[in-house]
Amino acid sequence: DSLHLARVPTFVITADGELVLSNDCCAELCGRPTAELLGKHLGEILASPEVEERVLKELDDSCAMSQACPVQMLLRGPNSGVRRLLVTPSKQEEDGRTLMLLIGQEVTSLQALEEELNHQHHDVVMQDLLESINVPIFQVDEEGKVSDWNQWAQGVTNYAREEVIGRSFVAECIPAEYQANVQEVLSTAMQEITDRKKAEEELERIANDSRELIETANAPIFGIDKDGMVNEWNRKAMSITGYSKSEVLKRSLVDEFITSEYKQAVREVLDRALRGQETANFEFPLFTKDGERVDVLLNATSRHDKNGEVTGVVGVGQDITERKKAEGELQRVAEDLRALIDTANAPIFGIDKDGLVNEWNNMAAQITRYTKREVMGRSLVEEFITSEYKEAVREVLVGALQGKETANFEFPLFTKDGQRVDVLLNATTRRDAYGSIVGVVGVGQDITVRKKAEGELERVAKDLRALIDTGKGTADFELPFLTKDQRWVQILLNFTTRRDRNGKVMGVIGVGQDITARKNLEMERQLVAQDLRALIDTANAPIFGIDKHGRVNEWNNKAAEITFYTKEEVMGRDLVQDFITAEYKKEVSTVRLITVLHCASQGATNFEFPLFTKKGERVEVLLNATTRRDAKGSIVGVVGVGQDITDKKHTADELQRIAQDGNVNEWNNMAAQITRFTQDDVMGRNLVDKFITSEYKTEVGRVLDNALRGRETANFEFPLFTKDGQRVEVLLNATTRRDANGNIVGVVGVGQDITERKKFEGELERVAKDLRALIDTANAPIFGIDKDGNVNEWNNMAASITGFSQDDVVGHSLVDEFITSEYKKEVGRVLDNALRGRETANFEFPLFTKDGQRVDVLLNATTRRDVSGSIVGVVGVGQDITERKKFEGELERVAKDLRALIDTANAPIFGIDKDGNVNEWNNMAAQITRFTQDDVMGHSLVDKFITSEYKTEVRRVLDNALQGRETANFEFPLFTKDGQRVEVLLNATTRRDVSGSIVGVVGVGQDITVRKKFEGELERVAKDLRALIDTANAPIFGIDKDGNDLRSLIDTANAPIFGIDQNGKINEWNNNAAKITKYTKSEVLGRSLVEEFITSEFKRAAFDVLNNALKGQESANFEFALITKDHARVEVLLNATPRRDKDGAIIGVVGVGQDITKRKKAEVEKDRIAQDLRALIDTANAPIFGIDKHGNVNEWNNKAAQITHFTQQEVMGHNLVHEFITSEYKRAVAYVLDSALRGLESANFEFPLFTKEGERVEVLLNATPRRDAKGQIVGVVGVGQ
């Protein structure tokens, strides 16, 4: 109350200048009621709004002083006057916000007095100056009369000052003959002065106008000087960035307000503008005071001084943040759906209007064997469809190109290699941004397997049909059944007589169909029809219908309400003749009705016409007319849903009238450039009537009319048409234009040419719609989840294969409700990874259908992101692989058996590809050579692992096998990792793919190193003995007791010796053979060695060895198993030698063997332990690594690879300390490892490893020396934690 009673102007403002309290004295000064002032900004009551920021700054600075200083403000008073005010500010906090109390004193009169005194003082000073100058000086006014005359003028002319003041200078002071000339000079000077004053006033007006336009523009405008410092910053720039003008002026725009990644680009644009090269439609981000990103579309224009020199840059921008988000979202959707198409497990293709392929996804390429590059631009029908289907496929595609889409069309494709693939196709029309048809997209499904199954079903159905057709019965009889669980099931039944072979009736067969769902649907339709009837009758919009003859057959309550005609009064009457006004009858009855009927069939809307009520009043109706069809699809009438737009029409007419004054008075170069209309073409002409298309006149008129009332509009889109008829899309900010007194004098529109952007948005929208249709009709199951794991996407195929509809699953947890217990954790992990950005391809898991059937799904889980790139969910594209899984399961079982056989084989097995590089290396190969799989895989077998003298021969054997010529029992040496020689006996077998093509060689070998050494030693001893006997200086001979040579040696030999004749029957069996087999000599003589005493798995091999010996080919170190009398197994290492008679003819074979049963058991146990240790190391849950004596890595288990992200291949053979330990720890780690290499173990040593991505992993290590068989230290093994 005291504030309002005070007789000094007092008001309260917020920190940003909003008036929250004002007293009556202040209202008097401003010439406005107090209520009108509240809520306005300080700038709106100041004489010059642009100084608002400066005044607020001065007030804030004054409050910060120990004693506040008065601040001068100029207020806009009544009748365009200006009131001068001195205010003393003080700050206070209230309810968490800062308020400023301003107590003022009007000093308008005092200031005027000061100015008058100053003016008088100025006149006195000037008069003294004029009198003291020693040249004649005079002054004339606008009428040519003398207004000043100094002493020197008096002295020269002898006219005293009093004589000339107020008299005509030319007429009374200039001789007659000079008067005309002098008058002309004075007139010219006066005109120049007048023109200059007018020009100055006009310039000042334009400057004020421009200043007002810049400050009040609804677009951000800023300016910089030649040094890049901000010197212009309008209200909109302040509004969208949160930075006030005082906070940015004289600060570097680029260095302080542009983000790092855009500094260079923005600097280049501004530098070009400073060189006179302007830039339009440049996009960049600004960051607001509170860190929010604002996207700006900028036109950078050079600023020139009066001499044309560039003095800076003015940027007029547009806040396109929301538009960018929308574009980003569209682009994200497009990219999201593009990824779905490319990774979809259904074949998808597209053609253009000419039938040429322009879309071909990965699955289409996979099932046809044609790559995308091979098909793009080629005719689908002519080049990839078989002759008998060309016409049918062409008809489907032509129909889609005319807008008639086709679902579930079957046809065959032939693959690149001539295989037939049956495809089930959905052909969908593809449209551009304007709705024009540009091609067809087909989403298919490979139904080859299904077609085969259907063929079999059809065969069975034909058999049944033949059975049914031979009898008589009742067709289409409906009856209800009650199920065991008390549910009613409706059955549609055909009864057929069942007869015996003589034709005698022996019963009835009923073939039924469950029509429960159909009956429920019919009931639902009946309920819907009743609901629709109620909806029509109670609708808040007038609804009527006519039959084909134009007679009313539908008239709801609202139609009756607005026309005052009851339903009974109109039914059956002609709508046009009885209820349309005279001026519309002819148009509607003869033309419009036909047009409406036709357009309604095409879905046309928004037809305006008048109805007259029962009272004769005119009602304007906006009508949506829709065709009414019978069950066969024939048009039987029209239903119209209307809207009473009488009031709206009156408003539109009023707006049209107001808009008639909207004549163009501003048209800049860019407007002329984009429309091709010059200023002369448009100035003074009505903008809306002359340059806006019909459908936009009302809307543009409304926007301009709002601006003329002070309601400005931002980001309004509309089209302009250029002089040559081209359409230009414009984004407009319509800003009210005011004169110096604040009166509205027009509208200024700052626009942006967004034609290209609109095309891009249209195309994005088309792509999004196109791809949405593809997802919904895709023949692959597609689902999506949100960040909480709840289903938010579930396409038709997902519903089809699971039996769960969209309504059943959307909003439910996918993992918790639809995945079986044993797979919940794994599926959850895959989805969680995708929600973190780590996508997964080809992940297999089972879904269970609504009726409990298991469906195996192959899934690609793709991260879904919003416009800002933030992850919002996961999209999964799947494939029903149930049948394939069954087939793969069987294949996998066979493959596992074979893999286990190879890996655990007691013979070295290796493989090479067509280039001779190793691609198979089993455990035994690694064991005998000391080279691990990692050491050899991908390396050339011959070049890297065969000695020079054998390279040619081994290469020949392998090349023969690569050509299909296999080799058995080929001997050659391999050298181990530590240089030891290993003798190998090899069978080289050709390896083929599924099509029978040769892809490599598999070699199954035998380590015959020991045997070769043994044979060498035997040969050496034999030679020595032979040389000893032959060179002995005494006669040497030997006989047994029977006179047979060496008989006693055989019988008493400490090795099993046996012999066979040419028929394989035993004829030699020494004591040791009897001892180890438990069979006496008498028990075996004359019996078949192979058939009766060799185990099954060795029969064939033993037969071959003995058969070869009978042909003269000896065998050494052949291993096989004998079965003893008590069924124990004895492992034997055998040398088989031909036995000859005195003429040299082979009469049998003698075998000298060695019992290696214990050695074999030891070797097997050793292999088992080695494999167990290897598995233990590889699968250990602790990182384990090893180094050799040189510090190079030779052991790196799975856990070590997992925590460091370095694979075995990346580290093996590399120096651990030098390449994987950080600088500050190299010395300490090297000391620990060196100590271990000297036999000093270390426990619990801590050090860091750095992963492949540079992350630090802390490791607690136990370092243990590694020793060879002799106890020598050969390296270090480290077990970490």
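Preceding this paragraph is the structure being described.
Residues numbered from 1 in each chain as written. Predicted model: local features only at pLDDT ≥ 70, side-chain atom pairs only at ≥ 80, totals over all residues. Heavy atoms only, no water.

(A) View of the overall build of the protein. For the protein, the count of helices and strands is 50 helices and 48 strands. Here the protein holds 1281 residues, and 39% of them are scored as buried. A sequence separation of at least 24 residues applies to 42% of the contacts in the protein between residues at least 6 apart. Surface summary for the protein: the accessible area is close to 72,700 Å², and the carbon and sulfur share equals 51%. (Helix = DSSP H or I, 4+ residues; strand = E, 2+ residues; numbered from the N terminus. Buried < 20%, exposed > 50% of the residue type's maximum accessible area, 1.4 Å probe, protein only. Contact = heavy atoms within 4.5 Å. Areas by Shrake-Rupley, 256 points an atom, 1.4 Å probe, with all protein chains shown as cover.)

(B) Spatial organisation of helix H50 (residues 1223-1237). Counted at 1.5 Å a residue, the expected span for H50 with its 15 residues is 21 Å, and the 22 Å between its end C-alpha atoms agrees. Here H50 has its buried residues at Val-1229, Val-1232, Leu-1233, Ser-1235 and Ala-1236. Buried residues of H50 fall within an arc of 155° about the axis and therefore sit on the same side. For H50, the exposed residues lying more than 90 degrees away from the buried face are Ser-1223, Arg-1227 and Tyr-1231. Elements that come into contact with the buried residues of H50 comprise strand S44 (1184-1188), helix H49 (1216-1220), strand S46 (1242-1250), strand S47 (1256-1267) and strand S48 (1273-1280). (Expected span 1.5 Å × (residues − 1). Arc of directions from axis to C-beta.)

(C) Fine view of the sheet that holds strand S2 (residues 19-22). The strand order across the open sheet formed by 5 strands is S2-S1-S5-S4-S3, and the pairing between neighbours is antiparallel. Looking at strand neighbours, the two that pair on one side only are S2 and strand S3 (71-76), the edges of this open sheet. Taken over all neighbouring pairs, the strand axes of this sheet differ in orientation by 35° on average, direction set aside. Looking at chain direction, strand S1 (residues 10-14) and strand S5 (residues 97-106) are connected through 5 bridges and run antiparallel. What sits directly across from Ile-13, in S5, is Met-100. (Pairing = 2+ DSSP bridges. Axes fitted to C-alpha atoms, helices over the stretch in contact; angles between N-to-C directions.)

(D) Examining the pairing of strand S16 (residues 420-431) more closely. A large share of S16 lies buried, amounting to 10 of its 12 residues. Bridge count for strand S15 (residues 406-414) against S16 is 7 bridges, and the pairing is antiparallel. Its bridge partner being in S16, Phe-409 is matched across the sheet by Leu-425. Here S15 hands over to S16 after 5 residues, with Gly-418 in that stretch at a positive phi of 85°. The sheet contact formed by S16 and strand S17 (residues 437-446) spans 9 bridges and is antiparallel. Among the inter-strand pairings, Thr-429 is bridged to a residue of S17, identified as Val-440.

(E) Spotlight on helix H4 (residues 52-64). Between its first and last C-alpha atoms H4 spans 19 Å; for 13 residues at 1.5 Å apiece the expected length is 18 Å, and the two agree. Residues of H4 that are buried include every one of Glu-52, Glu-53, Val-55, Leu-56, Leu-59 and Ser-62, and no others. In the core, the buried residues of H4 are packed alongside S1, S3, strand S4 (82-94), S5, helix H10 (235-241) and helix H11 (245-248).

(F) Molecular detail of the packing of aromatic side chains. The final tally for this structure, using the stated rule, is 20 aromatic pairs. On the numbers, 5.0 Å between centres and 75° between planes, the contact of Phe-931 with Phe-945 is edge-to-face. Of this pair, Phe-931 sits in the loop between helix H36 (923-929) and helix H37 (933-936) while Phe-945 sits in helix H38 (residues 941-945), and the two are 14 residues apart along the sequence. Here the two residues Phe-931 and Phe-945 agree in accessibility, since each one is buried. Counting every residue linked through ring pairs, the aromatic cluster contains Trp-233, Tyr-243 and Phe-257. Seen from the ring of Phe-564, Lys-615 lies directly overhead, with NZ or CZ sitting 4.1 Å from the centre. (Phe/Tyr/Trp six-rings, centres within 6.5 Å; stacked < 30°, edge-to-face > 60°. Lys NZ or Arg CZ within 6 Å of the ring centre and 35° of its normal.)

(G) Structural view of the side chain of Glu-1068. As for its placement among the helices and strands, Glu-1068 is situated in strand S40 (residues 1066-1069). A distance of 3.0 Å separates a polar atom in the side chain of Glu-1068 from a polar atom in the side chain of Arg-1139. (Polar contact = N/O pair within 3.5 Å; in protein donor to acceptor, adjacent residues only side chain to side chain.)

(H) Up close: the sheet that holds S16. An order of S14-S13-S17-S16-S15 is seen for the 5 strands of this open sheet, with the pairing classed as antiparallel. Edge positions in the sheet fall to strand S14 (357-360) and S15, since each of these pairs with one other strand and no more. This sheet shows a mean twist of 30° between the axes of neighbouring strands, independent of strand direction. Note: strand S13 (residues 348-352) against S14, 3 bridges, orientation antiparallel. Each residue of the ladder has a partner; that of Ile-351, found in S14, is Val-357. On the sheet, helix H18 (residues 387-401) packs against S13, S15, S16 and S17 and is oriented at approximately 140° with respect to S15.

(I) Main features of the environment of His-939. Mapped onto the elements, His-939 comes out in the loop between H37 and H38. Of the residues examined, His-939 reaches a relative accessible area of 30% and is grouped as partly exposed. Here Lys-944 takes part through its side chain, which lies 3.2 Å from a polar atom of the side chain of His-939.

(J) Examining the pattern of salt bridges more closely. Scanning all chains against the criterion turns up 47 salt bridges. Across the pair Glu-44 and Lys-40 runs a salt bridge whose closest N-O atoms are separated by 3.8 Å. In this structure, a network of salt bridges that share partners links the residues Glu-382, Glu-391 and Arg-394. (Salt bridge = Lys/Arg side-chain N within 4 Å of Asp/Glu carboxyl O.)

(K) Layout of the pairing of strand S34 (residues 909-913). S34 sits mainly inside the fold: 4 of its 5 residues count as buried. Examined bridge by bridge, S34 and strand S38 (residues 998-1007) share 5 bridges and lie antiparallel to one another. Paired with Gly-911 across the strands is Val-1002, a residue of S38. In this sheet, strand S35 (residues 918-921) lies alongside S34 in antiparallel orientation, the contact comprising 3 bridges. Of the residues in S35, the one forming a bridge with Ile-912 is Val-918.

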